[in-house]
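Structure at a glance
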Amino acid sequence: MPEQTLTRESLVEFFGEEEYERLCRHEAGHALIAFLFKRQIDYVRINNSKEKPSVTRMPGSSLDGAAHIAIAGHMSDFLIRKNFACDLDTVMKELPMELYRSDPDYQSFQAACYYYQLAETSVVEQVYNLMMTCQKSLRAIAAGLSEKTCLTRTDIEKIIADNA
């Protein structure tokens, strides 16, 4: 069976506008931080699946920045929804209330922090600082993903270069 071509319209119909945009903001965060950690990215895309609705595909076995990349999705969604109008204290206080222990990204974040002996608060602070510095690129990646449903590494590199 050939792979179905997913459009913004079909995905908005599948998820609803609000959830679709949340997924785009989330994956944009993973993509930006992976790019900044110089991790290879094949693509980032939104799927029509409730079980695995979105993915940032990074081949290889490198774990560089694993904790940062894992928490970046939630941080990106949070910051964009707040229009970047929040300080680190607000993030530290409010973001954990949105995270669920069963969330795979949150579990990966905690595992990477434990494995690499990183303080979770330090990782969150570093991701916050990167995203505040690169907010124009982050918004542009989210917008590009929302429009196209899938971005390649080349797309992401161009978006970041155009918004630096």
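Quick caveat, the model's predicted, so the values are computed rather than measured.

1. Brief notes about the packing of helix H3 (residues 66–81) against helix H6 (residues 120–133)
- H6 packs onto H3 with a crossing angle of 55 degrees between their chain directions and a minimal axis gap of 9 Å. Between H3 and H6, the crossing angle belongs to the class labelled oblique. In this structure, H3 meets H6 at a crossing whose hand is right-handed. Together, Ala67, His68, Ile71, Ala72, Met75, Ser76 and Leu79 of H3 and Val123, Val124, Gln126, Val127, Tyr128, Met131 and Met132 of H6 make up the contact between the two elements.
- Counted by class, the contact of H3 with H6 contains eleven nonpolar, three polar and no charged residues.

2. Focus: the pattern of salt bridges
- Enumeration over the complete set of coordinates arrives at eleven salt bridges.
- Glutamate 98 is paired through a salt bridge with arginine 81; the nearest N and O atoms lie 2.6 Å apart. Placement of glutamate 98 in helix H4 (residues 88–98) and of arginine 81 in helix H3 is noted, with a sequence separation of 17 residues between them.
- You can call glutamate 98 partly exposed: its relative accessible area is 32%.
- Judged by its relative accessible area of 40%, arginine 81 falls in the partly exposed class.

3. Digging into H6
- Compared with the 20 Å implied by 1.5 Å per residue over 14 residues, the 20 Å span of H6 between its first and last C-alpha is a close match.
- Three or more residues of H6 are buried, namely Val123, Val124, Val127, Tyr128 and Met131. What you see down the axis of H6 is that its buried residues fit within an arc of 135 degrees, all on one side.
- Its buried side turned inward, H6 meets helix H2 (17–36), H3, H4, helix H5 (104–115) and helix H7 (135–148).

4. Considering a nonpolar patch on the surface
- Taken together, the side chains of Leu63, Tyr115, Tyr116 and Leu118 define a hydrophobic patch exposed on the protein surface, amounting to about 420 Å² of accessible area.
- Assignment of secondary structure puts leucine 118 in the loop between H5 and H6.
- The partly exposed category is assigned to leucine 118, whose relative accessible area is 34%.

5. Side note on the sheet that holds strand E1 (residues 43–46)
- What the three strands build is an open sheet, ordered E2-E1-E3; its pairing is antiparallel. Lying at the two open borders of the sheet, with one neighbouring strand each, are strand E2 (54–57) and strand E3 (150–152). Strand-to-strand, the axes of this sheet are offset by a mean angle of 5 degrees, without reference to chain direction.
- In the sheet, E1 pairs with E2 via four bridges, with the strands oriented antiparallel. When the sheet's bridge partners are listed, tyrosine 43 is paired in E2 with arginine 57.

6. A word on the packing of aromatic side chains
- Per the counting criterion, the structure on display carries three aromatic pairs.
- Across from the ring centre of phenylalanine 14, 4.9 Å away, lies the NZ or CZ of lysine 50, which sits over that ring.

7. A closer look at the environment of arginine 81
- In this structure, the C-alpha to C-alpha distance between arginine 81 and leucine 151, residues 70 residues apart in sequence, is 21 Å.
- With near-sequence residues (within four places) excluded, arginine 81 lies in contact with Arg25 and Glu98.

8. What about the layout of surface pockets?
- Of the voids in this model, the largest pocket is the one considered here, and its volume is about 640 Å³.
- Lining of the largest pocket is provided by 27 residues; of these, His30, Lys52, Pro104, Asp105 and Ser108 occupy positions nearest its centre.
- Every element with two or more residues in the lining of the largest pocket is listed here: H2, E2, H3 and H5.
- By residue number, the principal contributor to the lining of the largest pocket is H5, which donates six residues.
- Residues belonging to the lining of the largest pocket are distributed by class as follows: 13 nonpolar, seven polar and seven charged.
- Taken as a whole, the second largest pocket encloses approximately 150 Å³ of empty space.
- Considering the residues around the second largest pocket, the lining is formed by Ile71, Val91, Met92, Leu95, Pro96, Leu99, Tyr106, Phe109, Glu120, Thr121 and Val124.
- In terms of residue count, H4 provides more of the lining of the second largest pocket than any other element does, four residues in total.
- Among the residues forming the lining of the second largest pocket, the class breakdown is nine nonpolar, one polar and one charged.

The rules behind each value
- Residues numbered from 1 in each chain as written.
- Predicted model: local features only at pLDDT ≥ 70, side-chain atom pairs only at ≥ 80, totals over all residues.
- Heavy atoms only, no water.
- Axes fitted to C-alpha atoms, helices over the stretch in contact; angles between N-to-C directions.
- Helix = DSSP H or I, 4+ residues; strand = E, 2+ residues; numbered from the N terminus.
- Parallel < 35°, antiparallel > 145°, perpendicular 65-115°, else oblique.
- Left-handed = near helix turned anticlockwise from the far one by under 90°.
- Contact = heavy atoms within 4.5 Å.
- Nonpolar A, V, L, I, M, F, W, Y, C, P; charged D, E, K, R; others polar.
- Salt bridge = Lys/Arg side-chain N within 4 Å of Asp/Glu carboxyl O.
- Buried < 20%, exposed > 50% of the residue type's maximum accessible area, 1.4 Å probe, protein only.
- Expected span 1.5 Å × (residues − 1).
- Arc of directions from axis to C-beta.
- Patch = residues over 30% accessible without salt bridge, like charges linked within 9 Å, V, L, I, M, F, W, Y side chains within 5 Å.
- Areas by Shrake-Rupley, 256 points an atom, 1.4 Å probe, with all protein chains shown as cover.
- Pairing = 2+ DSSP bridges.
- Phe/Tyr/Trp six-rings, centres within 6.5 Å; stacked < 30°, edge-to-face > 60°.
- Lys NZ or Arg CZ within 6 Å of the ring centre and 35° of its normal.
- 1 Å grid on protein atoms, 1.4 Å probe; cavity = no way out; pocket = protein on both sides within 12 Å on 5 of 7 lines; lining within 4 Å.
- Points joined across faces, edges and corners; volume = space filled by probe spheres on them.

None of the figures reported here should be taken as evidence of function without further support.
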